[in-house]
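Chain by chain, the residues run as shown.
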Amino acid sequence: AFLAAAAIPPVWYQRYAYLAYGCAQVLLLLVAVVGTTVNGSQRWLNLGGFNLQPSELTKLCVLLAVSRFLSRNPPKQKGGYRLLELWVPALLLGVPMGLVME
């Protein structure tokens, strides 16, 4: 898996970060609607003979989306980001967190 990920050009990760993030959120919503319950927790999608836990995929997608946002929006002052400049990354983290905690 590492070699496959390393073979993908870095520009693709930047280009498709938000798309991957959106797809991951759709998968989390699907878990809430049609997810399989295991040991009292509804966190899996049954895809035939394959079970998928979208929260694991979401971790990578959140990382890609937040890093893309921060790389394209550097801090406006020399000391780093001000608290008000971090509302978008907080939202990018908060949405999947709310869906997973639901």
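Residues numbered from 1 in each chain as written. Predicted model: local features only at pLDDT ≥ 70, side-chain atom pairs only at ≥ 80, totals over all residues. Heavy atoms only, no water.

Engineer: I'd like to hear about the packing of helix H3 (residues 17-34) against helix H4 (residues 54-72), residue by residue, with values.
Structural biologist: Orientation of H3 relative to H4, taken along the N-to-C sense of each, is 150°, at an axis distance of 8 Å. On the basis of their axis angle, the class for H3 and H4 is roughly antiparallel. In this structure, H3 crosses over H4, and the sense of that crossing is left-handed. On H4, the residues touching Ala-17, Tyr-18, Ala-20, Tyr-21, Ala-24, Gln-25, Leu-27, Leu-28 and Val-31 of H3 are Pro-54, Ser-55, Leu-57, Thr-58, Cys-61, Val-62, Leu-64, Ala-65, Arg-68 and Phe-69. (Axes fitted to C-alpha atoms, helices over the stretch in contact; angles between N-to-C directions. Helix = DSSP H or I, 4+ residues; strand = E, 2+ residues; numbered from the N terminus. Parallel < 35°, antiparallel > 145°, perpendicular 65-115°, else oblique. Left-handed = near helix turned anticlockwise from the far one by under 90°. Contact = heavy atoms within 4.5 Å.)

Engineer: Please provide a residue-by-residue account of helix H5 (residues 87-101), values included.
Structural biologist: For H5, which comprises 15 residues, the first-to-last C-alpha distance of 20 Å matches the rise-based estimate of 21 Å (1.5 Å per residue) to within 8%. Those residues of H5 that fall on the buried side of the exposure criterion are Val-88, Pro-89, Leu-92 and Pro-96. Against the buried residues of H5 lie H3 and H4. (Expected span 1.5 Å × (residues − 1). Buried < 20%, exposed > 50% of the residue type's maximum accessible area, 1.4 Å probe, protein only.)

Engineer: Go over the sheet that holds strand E3 (residues 51-52), please, and point to the residues and values.
Structural biologist: One open sheet accounts for three strands, arranged E1-E2-E3; its pairing is antiparallel. Edge positions in the open sheet fall to strand E1 (36-38) and E3, since each of these has one partner strand only. Alignment of E1 against strand E2 (residues 41-46), held across three bridges, turns out to be antiparallel. Residue pairing in the sheet places Thr-37 in a bridge with Gln-42 of E2. Its contacts with the sheet place H3 against E1, E2 and E3, and it is angled at close to 110° to E2. (Pairing = 2+ DSSP bridges.)

Engineer: Account for the pattern of salt bridges, with residues named and values stated.
Structural biologist: Note that side chains of opposite charge can pair when their charged atoms are close. Considering all chains together, one arrives at one salt bridge under this definition. For Glu-56, the salt bridge is made with Lys-59, and the minimal N-O distance between the two is 3.2 Å. Of the two residues, Glu-56 and Lys-59 are both situated in helix H4; the distance of three residues between them amounts to about one turn of the helix. By relative accessible area, which is 43% here, Glu-56 ends up partly exposed. (Salt bridge = Lys/Arg side-chain N within 4 Å of Asp/Glu carboxyl O.)

Engineer: Mind laying out H3, listing which residues take part and the relevant values?
Structural biologist: With 18 residues, H3 ought to run about 26 Å at 1.5 Å a step, and its terminal C-alpha atoms sit 26 Å apart, in line with that. In this fold, the buried residues of H3 make contact with helix H2 (10-15), E2, H4 and H5.

Engineer: Help me get a handle on the nonpolar core, residues and values and all.
Structural biologist: Listed in full, the seven residues of the largest apolar core are Tyr-21, Val-62, Ala-65, Val-66, Phe-69, Val-88 and Leu-92. Elements that contribute at least two residues to this core include exactly H4 and H5. It is H4 that provides the largest number of residues to this core, a total of four residues. The residues touching Val-66, leaving out its near neighbours within four places in the chain, are Pro-89, Leu-92 and Leu-93. (Core = buried A, V, L, I, M, F, W, Y, C linked by side-chain atoms within 4.5 Å.)

Coordinates in, geometry out; function isn't part of it.
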